[in-house]
Amino acid sequence: MTNTIQAIKLGFIGLDVVDIASMRRCYGDVLGLPVTRQESGEIYLSCGGDHHSLSLHSASKPALRHLGLQVAGEGSLRDVQRSLSDAGVPAQIEHDRIPGVPESVRIADVDGYAIHLYRDMARVEPRYTLSGIMPNKLGHAALYVRDPAAALAFYTNHLGFRWSDWLEDLFVFMRCNCDHHALNCIRSTKRGLFHFAFELRDWSHLGNACDMLARSGILLVNGPVRHGLGHNQAIYFRDPDGNLVELFCDLDRMSDESLGYFDPRPHHEDSPQRPKVWPHDIATGNIWGIPASDDFLG
Ligand SMILES: [Fe+2]
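All of the points below concern the structure found in this document. Every residue gets a number counted from 1 within its own chain, in the order that chain's sequence is written. Local features in this predicted model are restricted to residues of pLDDT 70 or higher, and side-chain atom pairs are both shown and tallied only at a pLDDT of 80 or more, whereas totals for entire chains, interfaces and linings draw on every residue. Side-chain measures were taken over the full set of non-hydrogen atoms in the model, leaving aside hydrogen atoms and water.

The subject of this paragraph is the sheet that holds strand β13 (residues 192-199). Strand pairing follows a simple DSSP-based rule, namely that at least 2 bridges must link the two strands. Helix numbers and strand numbers start at the N terminus; a helix is a DSSP run of H or I with at least 4 residues, a strand a run of E with at least 2. Pairing in this open sheet of nine strands is mixed, and the strands run β14-β15-β16-β13-β9-β12-β11-β10-β17 from one edge to the other. Across the chains shown, the open sheet's two edge strands, defined by having one partner strand only, are β14 (220-226) and β17 (277-278). As judged from the two bridges shared by strand β10 (residues 162-167) and β17, these two strands associate in the parallel manner. Its bridge partner lying in β17, Leu-167 is registered against Trp-278.

Right, here's the structure in full:
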């Protein structure tokens, strides 16, 4: 077990992409993420002022390239590298490997996904464009994994995550800050991203996003929903490479870890709403009752 490393944010996602021009239009124009760096076959986009929250890398097939997790602390990451190595997790320090990130530690999680740990990332302007959907921030990544319990053990033991909810023994939701989840891991024979998500401001913003997506020829494949686990209001669409993208708001928050329950909300089933194991039924996926499409369920 590695006790001294505390992840505090899902900072960035890197995607291998096939149609980089269409992907740039989707994330740069429709979502309105400012492009902060562009070079041969690579585009970096911000969402809130970090150098980037999303990077697109030309490739022969779509894939999850890596995730970036910001970790607490200051200064060199030697302590992080040493602590992981001592716990049996191979970890390499890299300098300027990721644009905007002077120092990072690269590891592979229990499913082999590449994770870059970092403390500092360059700030950029503009932090937001004044066009497109303009999410608040990158919210979470949902990963296909072999064994969600093993994934949970890895992220809790080595990176300080806490579990927020389970869907039976199939799907585990994990937080590393007050947001209900920054990562979730679903049991599957597939590999890669189930979906990833950006946070919007409120229900009205979600409605405007639906209109903007529709005017761009992008149709929803799920939603609007209010999920059971996390209670986020959400919509889902597919980007030009076929990645499933969620836009959400009103996600559960645990402002005080010592209380051990999520901040009370009128739509909660429990009082207080504590982390728990949920049954697998339609009301868990969408407490408003509208079932997901076959495309969403894959
Ligand atoms: Fe999600």
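Picking up after the structure, the text goes on.
Another point: the sheet that holds strand β8 (residues 114-118). With mixed pairing, the eight strands of this open sheet are ordered in space as β2-β3-β4-β1-β5-β8-β7-β6. In the strand order of this sheet, the two ends are held by β2 (35-39) and β6 (92-98), each with one partner. The sheet shows a mean angle of 25 degrees between the axes of neighbouring strands, direction not considered. With four bridges joining them, strand β5 (residues 63-71) and β8 adopt parallel strand pairing. By the bridge assignment for β8, Leu-67 is matched with Ile-115. Only heavy atoms matter for contacts: two residues are in contact if any of them lie within 4.5 Å across the pair. Each axis is a line fitted through C-alpha atoms, and for a helix only the stretch in contact is used; angles between axes span 0 to 180 degrees, taken between their N-to-C directions. Packed on one face of the sheet, helix α3 (residues 148-159) meets β1 (7-17), β5, β7 (101-108) and β8 and runs near 135 degrees to β7.

Attention now moves to the pattern of salt bridges. The working definition used for a salt bridge is a side-chain nitrogen of Lys or Arg within 4 Å of a carboxyl oxygen of Asp or Glu. Following the criterion strictly, the structure yields 17 salt bridges and no others. Put simply, Arg-37 and Glu-39 hold a salt bridge, and the shortest N to O gap is 2.8 Å. Whether a residue is buried, partly exposed or exposed follows from its accessible area with a 1.4 Å probe, protein chains only, as a fraction of its type maximum: under 20%, in between, or over 50%, in that order. In this structure Arg-37 comes out as partly exposed when scored by relative accessible area, which is 34%. By relative accessible area, Glu-39 is classed as partly exposed at 33%. In this structure, the salt-bridge partner of Arg-106 is Glu-94, at a minimum N-O distance of 2.9 Å. Placement of Arg-106 in strand β7 and of Glu-94 in strand β6 is noted, with a sequence separation of 12 residues between them. Arg-106 sits in the partly exposed class, given a relative accessible area of 30%. Glu-94 sits in the buried class, given a relative accessible area of 12%. Ionic contacts of the salt-bridge type, sharing partners, join the residues Lys-9, Asp-50 and Arg-123 into one network.

Mapped onto the fold, Asp-252 is located in the loop between β16 (244-249) and β17. Two residue types count as positive, namely Lys and Arg, and two as negative, namely Asp and Glu; His and chain ends fall outside the count. Here Asp-252 is buried and forms no salt bridge, its nearest opposite-charge partner Arg-265 lying at an N-O distance of 5.6 Å. The residues contacting Asp-252, other than those within four sequence positions of it, are Cys-178, Asp-179, His-180, Gly-230, His-231, Phe-262, Arg-265 and His-268.

Strand residues, when the strand is regular, have side chains that alternate between the two faces of the sheet. Counting buried positions along strand β12 (residues 183-187) gives four out of five residues, so the element sits mostly inside the fold. Summarising the sheet, strand β9 (residues 137-145) and β12 pair through five bridges and their orientation is parallel. Paired with Val-145 across the bridge in β12 is Arg-187. Relative to β12, strand β11 (residues 171-175) runs antiparallel, the two being bridged by four bridges. Bridge pairing in β12 links Phe-171 to Ile-186.

Ranked by size, the top nonpolar core spans 82 residues in total, and within it Ile-13, Tyr-27 and Leu-247 carry the most contacts. With six residues, the single largest contributor to this core is β9. Excluding anything up to four places from it in sequence, Tyr-27 contacts Gly-32, Leu-33, Leu-45, Leu-54, Phe-196, Phe-198, Asp-239 and Val-245. Core analysis: the next-biggest nonpolar cluster, separate from the first, contains five residues, Phe-12, Ile-98, Val-101 and Tyr-118 among them. Only buried Ala, Val, Leu, Ile, Met, Phe, Trp, Tyr and Cys residues count toward a nonpolar core, and they belong to the same one when joined by side-chain atoms within 4.5 Å.

Any pair of Phe, Tyr and Trp rings, taking the six-membered ring for Trp, is counted once the centres come within 6.5 Å. Such a pair is stacked with planes under 30 degrees apart, edge-to-face with planes over 60 apart, and tilted for the rest. In this structure the tally under the stated criterion is 11 aromatic pairs. An aromatic cluster of three or more residues is present, and its members are Tyr-144, Phe-171, Phe-173, Phe-194, Tyr-236 and Phe-296. In this structure, Lys-276 packs its charged tip against the face of Trp-278, placed 4.1 Å from the ring centre. Should the NZ of a Lys or the CZ of an Arg lie within 6 Å of a ring centre and within 35 degrees of the ring normal, that charge is described as sitting over the ring.

Position of Asn-184 relative to the elements: it lies in strand β12. Not counting the four nearest positions on each side in its chain, Asn-184 is found in contact with His-140, Ala-141, Ala-142, Leu-143, Phe-171, Val-172 and Phe-173.

Moving on to the environment of Ser-53. Its place among the elements puts Ser-53 in the loop between β3 (42-45) and β4 (54-58). With relative accessibility at 3%, the residue Ser-53 sits in the buried group. C-alpha of Ser-53 to C-alpha of Ala-209: the two residues are 156 residues apart in sequence and 19 Å apart in space.

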